[in-house]
Amino acid sequence: MKHYLYHSLRALLLSLAVLLSLPMLAEQVEIDGINYELITKVKQATVIAKNRGKYSGDIVIPESVEYRGTTCRVTSIGDKAFYDCSGLTSVTIGNSVTSIGGQAFYGCSSLTSVTIPNSVKSIGLLAFYDCNGMTSLTISNSVTTIEFGSFQYCSGLTSVTIPNSVTIIEEDAFGYCSGLTSVTIGDSVEEIGDEVFKNCTGLTSVTIPNSVKIIGERAFKDCTGLTSVTIGNSVRSIEDGAFEGCSKLLEVYC
């Protein structure tokens, strides 16, 4: 048995050594002013971070790019791809993109509007953190989770519609969006995470649909403009401080 394990382990290590010795299949290139990582073997491209704060003005992320005769579909916007690009004003995302990485647009303070196409399934943590110039937002109806802090401190946002595809809104997703006056929560949301709408002082009323089972800790903490809340009949847990500091909240309907 020991002999067998020895040879199996040796074979595994040799295989790993061969894999590590292979040349990198990914190549980093700049095409039409945007940096990508290309994997030509599978014909896929990812927008990547390069030169912090590099981008400004209007950016179009195409559905595909061509490099040395090979066409690659742009399938993702990588982590920190547009990090701290304070001069970026608008982004058009191609319908081939399926994921937006963590902190992808972090600190893009001049970004005014974003339309996330139906191809996008995931929005990474802190993806649009502190995009305080953003006034409108359309979220794809393929997104299932809005991750931690995705739109935190987007103080210019006035309204948000969370589509029916979303099941979880994670912690701090819209925290400190002080300009937010209207939120529509889709009928598939099962959990509103901790501090999701904390300090959204412009909110006056909220309807929590029947699909929601959990309202997290401090979910609406310090929403000082909130005067009425309608809670769906499937909620089984309202965590500590969910409505703490909502000094004008006079009506709760269950």
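Residues numbered from 1 in each chain as written. Predicted model: local features only at pLDDT ≥ 70, side-chain atom pairs only at ≥ 80, totals over all residues. Heavy atoms only, no water.

Draft legend 1. Just the overall build of the protein chain, in detail. The number of helices and strands found in the protein chain is one helix and 21 strands. When burial is assessed residue by residue, the protein chain has 43% of its 254 residues classed as buried. Counted over contacts in the protein chain with a minimum sequence separation of 6, partners at least 24 positions apart contribute 31%. When the accessible surface of the protein chain is summed, it comes to about 12500 Å², and 50% of that surface belongs to carbon and sulfur atoms. (Helix = DSSP H or I, 4+ residues; strand = E, 2+ residues; numbered from the N terminus. Buried < 20%, exposed > 50% of the residue type's maximum accessible area, 1.4 Å probe, protein only. Contact = heavy atoms within 4.5 Å. Areas by Shrake-Rupley, 256 points an atom, 1.4 Å probe, with all protein chains shown as cover.)

Draft legend 2. Quick look at the confidence of the model for the protein chain. Put simply, the protein chain has an average pLDDT of 88, and 89% of its residues get 70 or more. When the criterion is pLDDT under 50, residues 1–24 qualifies, and its contacts beyond four places in sequence or with other chains add up to zero contacts. (pLDDT = per-residue confidence, 0-100.)

Draft legend 3. Just the packing of aromatic side chains, in detail. Scanning all chains against the criterion turns up 12 aromatic pairs. Pairing phenylalanine 82 with phenylalanine 105 gives two aromatic rings, centres 5.0 Å apart and planes at 5°, and the pair type is stacked. You can see phenylalanine 82 sitting in the loop between β6 (70–77) and β7 (87–93) and its partner phenylalanine 105 sitting in the loop between β8 (99–100) and β9 (113–115), a full 23 residues away along the chain. The class of phenylalanine 105 is buried, set by a relative accessible area of 1%. Here the aromatic rings of tyrosine 129 and tyrosine 153 are separated by 5.6 Å at their centres, their planes lie at 65°, and the arrangement is edge-to-face. Of the two residues, tyrosine 129 is situated in the loop between β10 (122–123) and β11 (136–138) and tyrosine 153 in the loop between β12 (145–146) and β13 (159–162); the sequence distance between them amounts to 24 residues. Pairwise contacts between aromatic rings join Tyr55, Phe82, Phe105, Phe128, Phe151, Phe174, Phe197, Phe220 and Phe243 into one cluster. Its end group placed over the ring of tyrosine 83, lysine 80 keeps NZ or CZ at 5.2 Å from the ring centre. (Phe/Tyr/Trp six-rings, centres within 6.5 Å; stacked < 30°, edge-to-face > 60°. Lys NZ or Arg CZ within 6 Å of the ring centre and 35° of its normal.)

Draft legend 4. Quick look at the pairing of strand β3 (residues 44–47). In β3, alternate side chains face the same way, and those of Ala45 and Val47 are buried while those of Gln44 and Thr46 on the opposite face are not. Of the strand pairs in this sheet, strand β2 (residues 34–39) and β3 are connected by four bridges, and their pairing is antiparallel. Bridging across to β3, isoleucine 39 finds its partner in glutamine 44. Counting the residues between successive antiparallel strands, the hairpin from β2 to β3 contains four residues, one of them, lysine 43, with a positive phi of roughly 60°. (Pairing = 2+ DSSP bridges.)

Draft legend 5. Representation of the side chain of serine 119 within the structure. Among the secondary structure elements, serine 119 is positioned in the loop between β9 and β10. For serine 119, a relative accessible area of 14% corresponds to the buried category. For serine 119, the side chain forms a polar contact with the main-chain oxygen of valine 97, separated by 2.6 Å. (Polar contact = N/O pair within 3.5 Å; in protein donor to acceptor, adjacent residues only side chain to side chain.)

Draft legend 6. Looking closely at the state of the cysteines. Using the criterion set out here, one finds zero disulfides in the structure. Lacking any disulfide linkage, cysteine 85 is separated from the closest cysteine sulfur, that of cysteine 108, by 5.2 Å. In this structure cysteine 85 comes out as buried when scored by relative accessible area, which is 1%. (Disulfide = S-S within 2.5 Å.)

Draft legend 7. Structural context of the pattern of salt bridges. Taken as a whole and judged by the stated rule, the model has six salt bridges. With a closest N to O distance of 3.8 Å, arginine 68 and glutamate 27 form a salt bridge. You can see arginine 68 sitting in the loop between β5 (64–67) and β6 and its partner glutamate 27 sitting in strand β1 (residues 26–31), a full 41 residues away along the chain. Exposure remark for glutamate 27: the relative accessible area of 32% places this residue in the partly exposed category. The partner of aspartate 222 in a salt bridge is lysine 221, with the nearest N and O atoms 2.9 Å apart. (Salt bridge = Lys/Arg side-chain N within 4 Å of Asp/Glu carboxyl O.)

Draft legend 8. Representation of the sheet that holds β11 within the structure. Sheet architecture is open: four strands sit in the order β4-β7-β9-β11, paired in parallel fashion. Both outer strands of the open sheet, β4 (56–61) and β11, are each paired with one neighbouring strand and no more. Taking the axes of each pair of neighbouring strands and ignoring which way they run, one obtains an average angle of 15° across the sheet. (Axes fitted to C-alpha atoms, helices over the stretch in contact; angles between N-to-C directions.)

Draft legend 9. Examining the environment of serine 122 more closely. Inspection of the secondary structure assignment puts serine 122 in strand β10. On a C-alpha basis, the gap between serine 122 and serine 99 in space is 4.9 Å, while along the polypeptide they are 23 residues apart. Not counting the four nearest positions on each side in its chain, serine 122 is found in contact with Thr98, Ser99 and Ile100.

Draft legend 10. Focus on the environment of alanine 242. Note on placement: alanine 242 falls in the loop between β20 (237–238) and β21 (251–253). Between the alpha carbons of alanine 242 and glutamate 195 there is a distance of 7.9 Å; along the sequence they are 47 residues apart. Not counting residues up to four positions away in its chain, the partners in contact with alanine 242 are Ile215, Gly216, Arg218, Ala219, Phe220 and Lys221.

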